[in-house]
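As a plain string of letters, each chain reads:
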Amino acid sequence: MHKPGLVLTAVGSFVAMSQVSSAQGTSVTLVRDGTPTATIVTATTPTPAARLAALEVRHHVHQITGVALAVRTDADAVAGARLLVGESRATREMGLI
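Chains are numbered independently. Their residues run from 1 in the order of the written sequence. The predicted nature of this model means local features are confined to residues of pLDDT at least 70 and side-chain atom pairs, given and counted, to a pLDDT of 80 or more, with totals for whole chains, interfaces and linings taken over all residues. Excluding hydrogens and water, the side-chain figures rest on all heavy atoms present in the structure.

Trainee: Account for the overall build of the protein, with residues named and values stated.
Mentor: On a plain count of helices and strands, the protein comes out with two helices and six strands. Secondary structure is summarised from DSSP: a helix means a run of H or I of at least four residues, a strand means a run of E of at least two, and numbering begins at the N terminus for each. Traced from its N-terminal end to its C-terminal end, the protein shows the element sequence β-β-β-β-α-β-β-α. Going through the 97 residues of the protein one by one, you find that 33% of them count as buried. Look at the contacts in the protein between residues 6 or more apart in sequence, and 61% of them connect residues 24 or more apart. Counting every atom, the protein has about 5700 Å² of accessible surface; 55% of that belongs to carbon and sulfur. Relative accessibility thresholds used throughout: buried, under 20% of the residue-type maximum; exposed, over 50%; partly exposed, between the two (1.4 Å probe, protein chains only). Between two residues, a contact is recorded if the distance between any of their heavy atoms is within 4.5 Å. Residue-level accessible areas treat just the shown protein chains as cover; the underlying method is Shrake-Rupley with a 1.4 Å probe.

Trainee: If you had to explain the environment of Ser 88 to someone new, which residues and values would you point to?
Mentor: Structurally, Ser 88 is set in the loop between strand 6 (81-84) and helix 2 (89-93). In the structure, Ser 88 is positioned 15 residues away from Thr 73 in sequence and 8.7 Å away in space, judged by C-alpha atoms. For Ser 88, the contacting residues outside a window of four places in its chain are Thr 42, Ala 43 and Asp 74.

Trainee: Go over the nonpolar core, please, and point to the residues and values.
Mentor: Ranked by internal contacts, the top residues of the largest apolar core, which has 13 residues, are Leu 30, Val 31 and Ile 40. Mapped by element, the contributors of at least two residues to this core are strand 2 (27-32), strand 4 (38-42), helix 1 (48-65) and strand 6. We call a set of buried residues a nonpolar core when its members are Ala, Val, Leu, Ile, Met, Phe, Trp, Tyr or Cys and they connect through side-chain atoms within 4.5 Å of each other.

Trainee: Give a description of the pattern of salt bridges that names residues and reports values.
Mentor: Salt bridges, as used here, are contacts in which a Lys or Arg side-chain nitrogen is within 4 Å of a carboxyl oxygen on Asp or Glu. This structure, assessed with the given rule, holds two salt bridges. We note a salt bridge from Glu 87 to Arg 92, for which the minimum N-O separation is 3.3 Å. Note on Arg 92: relative accessible area 45%, which makes it partly exposed. For the salt bridge of Arg 89 with Glu 93, the shortest nitrogen-to-oxygen distance reads 3.7 Å. Of this pair, Arg 89 and Glu 93 are both found in helix 2, four residues apart, which corresponds to roughly one turn of the helix. Residue classification places Arg 89 among the partly exposed residues on the basis of a relative accessible area of 40%. Its relative accessible area of 60% is what places Glu 93 among the exposed residues.

Structural data, given as structure tokens:
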């Protein structure tokens, strides 16, 4: 059920993001006041599992907030927070994989 003004946050240890540390306790806003503040990012050619995972995250965020996050690749310029799904150039540059 959509709740107006709902701010969905995730713990940094759950989601790898370029703008924040992955230390426990760090929170990230994905949606604020019905507007997406994050983008789901996969490899340019994601594995089938990573593609499905990105779509699952998008679906669940949409179910909770009524807002669909964009899904882009690490070749795209993305502003704001990034939810990195699967192995990609971005995760390798961050030393996550």
